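The chain contents come next:
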Amino acid sequence: MTRQKHTREDALAFHLLPTPGKWEVTATVPMTTQRDLSLAYSPGVAVPCLEIRDDPATAYDYTNKGNLVAVISNGTAVLGLGNLGALASKPVMEGKSVLFKRFADVNSIDIELDTEDPDAFCNAVRLMGPTFGGINLEDIKAPECFIIEQRLKEEMDIPVFHDDQHGTAVICAAGLLNALHLSGKRIEDVRIVLNGAGAAGIACLELLKTMGARHDNCIMCDTKGVIWQGRTDGMNQWKSAHAANTPARTLAEAMQGADVFLGVSAKGAVTADMVASMAPDPVIFAMANPDPEITPEEAHAVRPDAIVATGRSDYPNQVNNVLGFPYLFRGALDIHARAINDEMKIACAHALAQLAREDVPEEVAVAYGKKLAFGRDYIIPTPFDPRLIHRIPPAVAQAGMATGVARRPIIDMEAYTASLKSRMDPTANMLRGLNARARAAQASVIFTEGDDPRVLRAAIAYQRQGLGRALVVGRTKDVEALLTAEGLADAIPELEVVNAANTPHLETYKAFLYARLQRKGHDRQDVHRLAARDRHVFAALMLAHGHADGMVTGATRKSAHVLELINHVFDASPHDGAVGVTAVLNRGRIVLIADTLVHEWPDQNDLADIAERGTAVARDLGLEPRVAFLSFSTFGYPVSERAEKMHIAPTVLDARGVDFEYEGEMTVDVALNPAAQAHYPFSRLTGPANVLVVPARHSASISVKLMQEMAGATVIGPILTGIDKPIQICSTVSTVNDILNMAVIAACKVG
């Protein structure tokens, strides 16, 4: 995988827009009527308060405590940036909070404490204990992090977990289990050298010793060399616990004959000579970030038999904490655990190791652009493996129950596992899958409106994220000036600007266009103006002649007008099979609405065509299509001439013998709500519909915009399908992400 390039402006814009920060609070109960308010607050709230007073365990039933984790830091060791202070650490802690939600559906709040005093820090956290189901400590410098964690674990009755220590240790242990399995060695026998005696290094070695590594076989090093028995310089109680009885005094001496090297130190700390001196089939975990102690290329140059892992995503075997902490807390929260103990961490490591040995789902292989199989370059699961959510938490929960830290053990583990599978938002998987397909396709996509900053930012993102090649239509000097004004001057050499003045194909384009339009009232002068001066027509001509793979447009002009211009080059009228399908993503559900772009008032045959095109889009997005023809009536009641075509459209599909579920006419609640569908046992739908065919374009547009504005739904589209080439039309209110999503859809040739 290529390492993605992000500029300072990209990072700042991501944190600023659409609203500052990375998360917000939304209510999970209605708050609209007087009854709602009286139940949510006074007087209704008094009832659960009294229940919790009488039985504190019911706090997990009547509040969000059981799915709420605090990410807490004082900013004294932020990433590799050092002591930035509490306030400057907030973006990192917000990011950690959203990772909890994204990967394990754990609600999380970041808290930054403005103190470097361990006593003050511990007191503040301890006093907040009733609020949370768990505490995740982050970016606290050593040795204070050891003191703080130990005190809080003793004083609090909820899990306290320092991810910089134990998160790294768990993933490291999982990878090492598999690396040793491949090299035919046992953890009890191998010689281990660890460089970096900070929080992560000490935690790694402690966990490995708990799992069977022998103290006498382990050597820890810091910036002053080997930590040996009797050393006094730069020591503390945590280092002293791992002091080795060894004559070795330098890292190079310690590495001679070692089976395993673990690095949580600094770039370049390990040399090729050190690696060459290791035992056969050495295991090298060079986990320093952003640059490892030694790169895989350097290690393999002297030891082809080495198994190498790093902390980076652009190398195989990434030791990534996101594989651990979300799922550890998910399992701990679900048993209302009092702590996360060593047994739970070891269970997590073994579950991760086992998962890596199993066949990898195709969607994961596509996301990483290659077939993944257990071996030297795949010893740790990838962070986007969809199985993590339902494989790791059950193992953690089982270990917690077996060791007596569970307040509420899980009785039906099979049902629990099934519930975990349904927790994750399928929209994230869909978008990730599309990005993976685009990255594999490496398509050239034309961004038609090079005079709009949003379009330029999307084009830059498309290229920098390794999705393919971006072609921007515009005047070169104007594009360069706009990029400079937007603080994106560094992108000028990266983007390819195309226009009628710099293409050698203009005469070919004009001849093609004249042949299409000469009997439609256009003379050669009209054709020249269209081909040479209208960017939408010019871009469409490029696409028609194979000079690009896809096209995204519409950010600056109304979609109907853009479609009219495209129709000069492609057959994109209602009678040509063109259909606009809009994906609406909200609260973990995906629904496609059609036709939102082309057909003003479709008849029953058009509606059947729209259903088929919508089904094709659904399948391309990874959905199993279930089509509902919508109306204000359901199966003939109330009777209305307006509903008749929606009633007839399914019979058109009957005659065609299509291979997907469909039903109608019906109201939208019947289409989407299984409880409402139960009133119609004769319905052919086996579940909620996900392709909604509406009576007219205006009703489609109203539906989409209402969902967007009132419910905060994410809208992708309309996805234009039924045209010979991939053309996607944005709306004029599109954000940079919206435009980028449409470019990805064009690259994937959805529909």
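Fair warning: this is a prediction, and the values are worked out from it, not measured in the lab.

Participant: Help me understand the overall build of the protein chain in this model?
Facilitator: Along its length, the protein chain carries 31 helices and 21 strands. Rg of the C-alpha trace for the protein chain: 30 Å, near the compact-globule value of 27 Å for 751 residues, within the 12% margin. With respect to the principal axes defined by its C-alpha atoms, the protein chain has extents near 95 × 70 × 45 Å. Buried positions account for 53% of the 751 residues belonging to the protein chain.

Participant: Whenever I open this one, the packing of aromatic side chains confuses me. Can you help?
Facilitator: The geometry of an aromatic ring pair is captured by the separation of the ring centres together with the interplanar angle, meaning the angle of the planes. Scanning all chains against the criterion turns up 11 aromatic pairs. Ring geometry for F161 versus F329: centroids 5.9 Å apart, planes at 85 degrees, classification edge-to-face. Placement of F161 in strand 4 (residues 160–162) and of F329 in helix 14 (residues 325–334) is noted, with a sequence separation of 168 residues between them. For the pair F161 and F329, one class covers both residues: buried. Within the aromatic cluster, the residues linked to one another by ring pairs are F100, F161, F325 and F329. Over the aromatic face of F103 sits the side chain of R102, whose NZ or CZ is 4.9 Å from the ring centroid. Stacked on the ring of W601, the Lys or Arg K645 has its end atom at 3.2 Å from the ring centre.

Participant: Please clarify how the domain arrangement of the protein chain should be interpreted in this entry.
Facilitator: By a widely used convention, the size of an interface equals the accessible area lost when the partners come together. Looking at the protein chain, the domain boundaries give domain 1 (8–20 + 30–158), domain 2 (166–322), domain 3 (438–568) and domain 4 (576–722). Inter-centroid distance (C-alpha atoms) of domain 1 to domain 3 is 48 Å.

Participant: I would appreciate a short explanation of the environment of L517 in the present structure.
Facilitator: Structurally, L517 can be placed in helix 22 (residues 506–517). Counting along the chain gives 219 residues from L517 to V736, while the straight-line C-alpha distance between them is 34 Å. In this structure, L517 is in contact with H522, L530 and H568, ignoring residues within four places of it in sequence.

Participant: Could you clarify how one ought to interpret the packing of helix 8 (residues 163–183) against helix 15 (residues 342–356) in this entry?
Facilitator: Two quantities define a packed helix pair, namely the angle between the helix axes and the distance between the axes. Where helix 8 contacts helix 15, the axes come no closer than 8 Å and their chain directions differ by 45 degrees. Classified by the angle between their axes, helix 8 and helix 15 sit oblique to one another. Where helix 8 crosses over helix 15, the two elements pack in a sense that is right-handed. Judged by residue contacts, H166, V170, I171, A173, A174, L177 and N178 of helix 8 engage K345, C348, A349, H350, L352, A353 and A356 from helix 15. Classifying every residue of the contact of helix 8 with helix 15 by side-chain character gives 10 nonpolar, 3 polar and 1 charged.

Participant: How do you make sense of the side chain of S734 when you look at a structure like this?
Facilitator: Following the sequence through the fold, S734 ends up in the loop between strand 21 (727–729) and helix 31 (736–748). A distance of 2.8 Å separates a polar atom in the side chain of S734 from the backbone oxygen of S731. Among all residues touching S734, those that are not within four sequence positions of it are R454 and I739.

Calculation rules
- Residues numbered from 1 in each chain as written.
- Predicted model: local features only at pLDDT ≥ 70, side-chain atom pairs only at ≥ 80, totals over all residues.
- Heavy atoms only, no water.
- Helix = DSSP H or I, 4+ residues; strand = E, 2+ residues; numbered from the N terminus.
- Rg over C-alpha atoms; globule rule 2.2 N^0.38 Å.
- Buried < 20%, exposed > 50% of the residue type's maximum accessible area, 1.4 Å probe, protein only.
- Phe/Tyr/Trp six-rings, centres within 6.5 Å; stacked < 30°, edge-to-face > 60°.
- Lys NZ or Arg CZ within 6 Å of the ring centre and 35° of its normal.
- Domains from an automatic or database assignment.
- Contact = heavy atoms within 4.5 Å.
- Axes fitted to C-alpha atoms, helices over the stretch in contact; angles between N-to-C directions.
- Parallel < 35°, antiparallel > 145°, perpendicular 65-115°, else oblique.
- Left-handed = near helix turned anticlockwise from the far one by under 90°.
- Nonpolar A, V, L, I, M, F, W, Y, C, P; charged D, E, K, R; others polar.
- Polar contact = N/O pair within 3.5 Å; in protein donor to acceptor, adjacent residues only side chain to side chain.

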